[in-house]
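Chain and residue survey
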Amino acid sequence: MKKWGILFVALLMVTSVLAACGNDKSNTAGKKIIVGMSADFPPYEFHIKNEKGEDEVVGFDVEIAKEIAKDLNAEVEIKDMKFESLLNELESGRVDLVISGLSPKPERLKQIDMSKIYYKAEQSVVSRTADKDKYTTMESLEGLKIGVQKSSIQEDIAKEIPNAKLTSLSKISDIVLQLTSGRVDVAVLEGPVAESFVKQVDGITITDAKPANEDEGYVVGVKKGNKEMLDQVNTTLDRLIADGSIDKFVAEASALAEKK
Amino acid sequence: MELFTMFWEYRSYFLTGVQYTLILAAIGVLCGFVLGLIIALLRMSSWKIVRFFGHAWVEFLRGTPMLVQLLIIHYGFATVLGVSFSPIESGAITLTINSSAYLAEIFRAGIEGVDRGQGEAARSLGMSKGMTLRFIIIPQALKSVLPAIGNEFITIIKESSIVSMIGVTEIIFQSGVIVGITYDPMTPYLIAAIMYFILTFTLSRILGVFERKLKASDHR
Amino acid sequence: MITVKNLHKNFGPLHILKGIDLEIKKGEVVVVIGPSGSGKSTFLRCLNLLEQPTDGEIKFEGKSITDKRHNINNTREKMGMVFQQFNLFPHKTVMDNITMAPIRVKKLDKAKAEAIAVDLLRTVGLEDKRDAYPSQLSGGQKQRIAIARALAMEPHVMLFDEPTSALDPEMVGEVLDVMKKLAERGMTMVIVTHEMGFAREVGDRIIFMDQGIVMEQGTPQEVFNAPKHQRTQDFLSKVL
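Residues numbered from 1 in each chain as written. Chains lettered and ligands numbered in written order. Predicted model: local features only at pLDDT ≥ 70, side-chain atom pairs only at ≥ 80, totals over all residues. Heavy atoms only, no water.

Re the overall build of chain B
- From N to C terminus, chain B includes nine helices and zero strands.
- In sequence order, chain B lays out its α and β elements as α-α-α-α-α-α-α-α-α.
- Dimensions of chain B, computed from C-alpha atoms along their principal axes, come out at roughly 70 × 50 × 20 Å.
- Out of the 220 residues belonging to chain B, those deemed buried represent 49%.
- By sequence separation, contacts in chain B at least 24 residues apart represent 73% of the contacts at least 6 residues apart.
- The distance from the centre of the 17 positive side-chain charges to the centre of the 14 negative ones in chain B is 12 Å. (Helix = DSSP H or I, 4+ residues; strand = E, 2+ residues; numbered from the N terminus. Buried < 20%, exposed > 50% of the residue type's maximum accessible area, 1.4 Å probe, protein only. Contact = heavy atoms within 4.5 Å. Lys, Arg positive; Asp, Glu negative; His and termini not counted. Charge placed at Lys NZ, Arg CZ, Asp CG, Glu CD.)

Listed below in structure tokens is the structure:
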């Protein structure tokens, strides 16, 4: 008797797994574009619970992904993962594109191909509200404990600060926690992302210290050598820049991020 | 946000998380059980090479962090061997092989704990080595290690949280998503801790019932 | 039936059996006695290769069983062994204990095996215990079941390794009675024991072992009443 019970439970488990796996590989008859994002970056990509009560990843980069897919007559599937894994996933082919506030760092070109820049952003230095007046210039950040996101351009900026002690974490929310709990003195965050967090979390603010903007912006990551996809992406981006959609998307996404 | 309100509001997220956690833990233990038994038998083989493989398997998997094993299977295999698993597959594989190493040790202890005379009696009746293992030694060994296996299940439920690293939507990952939505860095993880506790506590009670039933059937 | 030539057994640096030469004929009841450490149990366990001889040859029914190419499982089917600690299978009923080997090894069908088992249980006087578990039995009952289990394979020779040494005194008798019955039916038996009364009564040949060799052997009359060697006399004076 006991043997049958165990067998039954085992079968139940196996079928549930297969069902779960089946759901992961959704059965759309049409083409699918899988886009990798690190969805902790409002208003570019972030999670919300939509009106249907379901989890959804939305944001500025999501809208761009949808447009690219539309031009390819395909559906979009968003895969949320850690920022530092994104490029590996592109290389292994588990995602087709990376649209995740990705800056065109020269070293990244070794691993992947990149589209043209679709949005220029500024970086910010965020501190606790009480310290706002202490950190007004980049020089004032010397020797501080600084929180940044792993493998990001902000990490590179912070590395340039003399004697800074870096804490590099995977999630933006973890970095903000480090700041509010006093474990770091400041955090270097991307512009709109910083604004979004500052509005939602008490006790932090954007300082006047401004990291020099060296013509950074965001690009779409494509698997190395996939020229066809690269050209297609650039075509879509040209269209969106030309007809002002980019700015529209930014505004809509920011509003959405604030709604919470 | 208050614990209960948050839990209720995002209960669908947590439910997904629990499902994935339980499924992965179950696969890890069940498949790990079978694999662990095989490895334990390999370690008893008369061929030196087979024994060595079994030893190496157990030593490596017990001696390295499961996180490293997970990353090797998910990323290492993909970049170096071109073998690309989905996050769930990588998670299931890692939990299985990791669990198999610990279970192999448990089985070995159980098998060695069976009285020598049992094997001698079986062999003196003309039963082969394989027959003796199958009908006399292993059944008795399994009975004695059942509690240890139950403990392994409980351990794996907690250890499965590691697969959140590669994007499997189990309890910890889902908690992280909720943190992103609510900007509350603490409460989702507190709820996660409570959920893990409920799972492990319930399981250990169930195991306790089974153990008592087993003892009763020992006709002492 | 069994021929032992120059049997040596080492356990690491310890030289336990130092050259045994012996013959056991069909139908003989051979009783091996001697002080502890003399190697009696080791000798017995070499006969069915539970211990691997370091040197020497053992022949069973004309075939050499110490030959590397020999399939020992087949031989063991024809040799039954009864242990000091009984070694019944605790997770099986008495019936299963007895029928397991006939079914699995000799491939008998269940009904036939059970019929043999019932018959044997009757012989040892325990037919009402067929569905009991070993833990529910007394020591004497366990040993009698162990004897039935060994007999179920219809062996040509039965080996007994101090079968009553672990029993309370009041149960020794019931086991010895079963062994007497077996001897009367003509079973070839090799028995290691301290039960001198039994040896005298039932044995055809007594073998006295000491320090790894056969010191003296003969009929019970010869060995017990007129031992030739000093060591034999010393030993007997202590135990009789």
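Details of unusual backbone geometry
- The peptide bond linking A:Pro42 to A:Pro43 adopts the cis configuration, its omega dihedral lying at 0 degrees.
- Tracing the backbone shows A:Pro43 in the loop between β2 (40-41) and β3 (45-49).
- At C:Glu162, a position not held by glycine, the phi torsion is positive, near 45 degrees.
- Its place among the elements puts C:Glu162 in the loop between β7 (157-161) and α6 (169-184).

Notes on the interface of chain A and chain B
- Listed by partner, the interface residues are 33 residues for chain A and 29 residues for chain B.
- Taken together, the links from chain A to chain B amount to zero salt bridges.
- The interface formed by chain A and chain B holds nine residue pairs in polar contact (both at pLDDT 80 or more) in total.
- For the side of chain A that touches chain B, the elements supplying multiple residues, two or more each, are α1 (2-24), β3, β4 (55-58), α3 (86-92), α5 (172-180) and α6 (191-200) of chain A.
- Take the side of chain A that touches chain B: its biggest share by element is eight residues, from α1(A).
- For the side of chain A that touches chain B, a count of residues per class yields ten nonpolar, nine polar and 14 charged. (Salt bridge = Lys/Arg side-chain N within 4 Å of Asp/Glu carboxyl O. Polar contact = N/O pair within 3.5 Å; in protein donor to acceptor, adjacent residues only side chain to side chain. Nonpolar A, V, L, I, M, F, W, Y, C, P; charged D, E, K, R; others polar.)

Overview of the sheet that holds β4(A)
All names here are of chain A.
- On the basis of which strands lie adjacent, the open sheet formed by three strands has the order β2-β3-β4 and antiparallel pairing. One side of each edge strand has no neighbouring strand; the edge strands of this open sheet are β2 and β4.
- Where β2 and β3 come together, two bridges link them in antiparallel fashion. Each residue of the ladder has a partner; that of Phe-41, found in β3, is Glu-45. (Pairing = 2+ DSSP bridges.)

Brief notes about the UniProt feature "domain: ABC transporter" (unreviewed entry) in chain C
- Here, UniProt's "domain: ABC transporter" (unreviewed entry) annotation points to residues 2-236 of chain C.
- Helix makes up 38% of residues 2-236 of chain C and strand 26%, and the two end C-alpha atoms of the span are 27 Å apart. (UniProt positions renumbered as here; feature names shortened; annotations may be inferred.)

Here we look at the packing of aromatic side chains
Residues and elements named next belong to chain A.
- Scanning all chains against the criterion turns up 15 aromatic pairs over all chains.
- On the basis of an interplanar angle of 85 degrees and a centroid distance of 5.3 Å, the ring pair of Tyr-44 and Tyr-218 is categorised as edge-to-face. Residue Tyr-44 is located in the loop between β2 and β3, and its partner Tyr-218 is located in the loop between β12 (204-206) and β13 (219-223); the two are separated by 174 residues in the primary sequence.
- The exposure class of Tyr-44 is buried, given its relative accessible area of 1%. (Phe/Tyr/Trp six-rings, centres within 6.5 Å; stacked < 30°, edge-to-face > 60°.)

Considering the interface of chain B and chain C
- With 21 residues of chain B at the contact, the number on the chain C side is 25 residues.
- With both chains or domains summed, chain B and chain C bury close to 2,000 Å², and 61% of this area falls on carbon and sulfur atoms.
- Taken together, chain B and chain C are joined by one salt bridge.
- Its salt-bridge partner being B:Glu120, residue C:Arg45 comes within 2.7 Å of it at the nearest N-O pair.
- Where chain B touches chain C, the interface holds six residue pairs in polar contact (both at pLDDT 80 or more).
- Where the side of chain B that touches chain C is concerned, the elements lending two or more residues are α6 (116-124) and α7 (129-159) of chain B.
- Here the element with the most residues in the side of chain B that touches chain C is α6(B); it accounts for eight residues.
- For the side of chain B that touches chain C, the per-class residue count stands at eight nonpolar, seven polar and six charged. (Buried area = accessible area lost by both parts, 1.4 Å probe.)

Considering the UniProt feature "domain: ABC transmembrane type-1" (unreviewed entry) in chain B
- The UniProt record annotates "domain: ABC transmembrane type-1" (unreviewed entry) at residues 18-207 of chain B.
- As a span, residues 18-207 of chain B carries 83% helix and 0% strand, and end to end its C-alpha atoms are 20 Å apart.

Some remarks on the pairing of strand β10 (residues 165-169) of chain A
Residues and elements named next belong to chain A.
- When strand β9 (residues 145-149) meets β10, the two strands line up parallel, connected through five bridges. Along β10, the bridge assignment pairs Gly-147 with Thr-167.
- In this fold, the crossover linking β9 to β10 by way of helix α4 (residues 153-160) has right-handed handedness. (Right-handed = clockwise from strand over helix to strand, strands pointing away.)

Examining helix α5 (residues 139-151) of chain C
Residues and elements named next belong to chain C.
- Helix length check: α5, at 13 residues, gives a terminal C-alpha distance of 18 Å against a target of 18 Å (1.5 Å per residue), a fit within 8%.
- Within α5, twelve of the 13 residues are buried, leaving the element largely enclosed by the surrounding structure.
- Among all positions of α5, only Gly-139, Gly-140, Gln-141, Gln-143, Arg-144, Ile-145, Ala-146, Ile-147, Ala-148, Arg-149, Ala-150 and Leu-151 are buried. (Expected span 1.5 Å × (residues − 1).)

Describing the pattern of salt bridges
- This model, assessed by the stated rule, comprises 31 salt bridges over all chains.
- Across the pair C:Glu51 and C:Arg45 runs a salt bridge whose closest N-O atoms are separated by 3.1 Å. For the residue pair C:Glu51 and C:Arg45, the accessibility class agrees, reading buried in each case.
- Between C:Arg69 and C:Asp67 there is a salt bridge, and its shortest N-O distance comes to 3.4 Å.
- Residue C:Asp67 is classed as partly exposed on the basis of its relative accessible area, which comes to 32%.
- Each of B:Arg43, B:Arg62, B:Glu105, B:Arg108 and B:Glu112 takes part in a single network of salt bridges with overlapping partners.

What to know about the UniProt feature "transmembrane region" (unreviewed entry) in chain B
- Under the UniProt annotation, "transmembrane region" (unreviewed entry) lies at residues 20-42, 162-183 and 189-210 of chain B.
- End C-alpha atoms of residues 20-42 of chain B are separated by 32 Å, and the span's content is 100% helix alongside 0% strand.

A few points about the side chain of C:Asn48
- Along the chain, the position of C:Asn48 falls in the loop between α1 (40-47) and β4 (55-60).
- Here C:Asn48 is in contact with B:Ser124, C:Ile72, C:Arg76, C:Met79, C:Met81 and C:Leu159, once residues within four sequence places are set aside.

Details of the packing of α7(B) against helix α9 (residues 187-216) of chain B
Residue and element names in this part refer to chain B.
- Between α7 and α9, the least distance of the axes is 10 Å, while the angle of their chain directions is 170 degrees. Overall, the two elements α7 and α9 adopt an arrangement that is roughly antiparallel. Between α7, through Lys-143, Leu-146, Pro-147, Gly-150, Asn-151, Phe-153, Ile-154, Ile-157 and Lys-158, and α9, the contact on the second element is made entirely by Tyr-196, Leu-199, Thr-200, Leu-203, Ser-204, Leu-207, Glu-211 and Leu-214.
- Tallied by class, residues from the contact of α7 with α9 come to ten nonpolar, four polar and three charged. (Axes fitted to C-alpha atoms, helices over the stretch in contact; angles between N-to-C directions. Parallel < 35°, antiparallel > 145°, perpendicular 65-115°, else oblique.)

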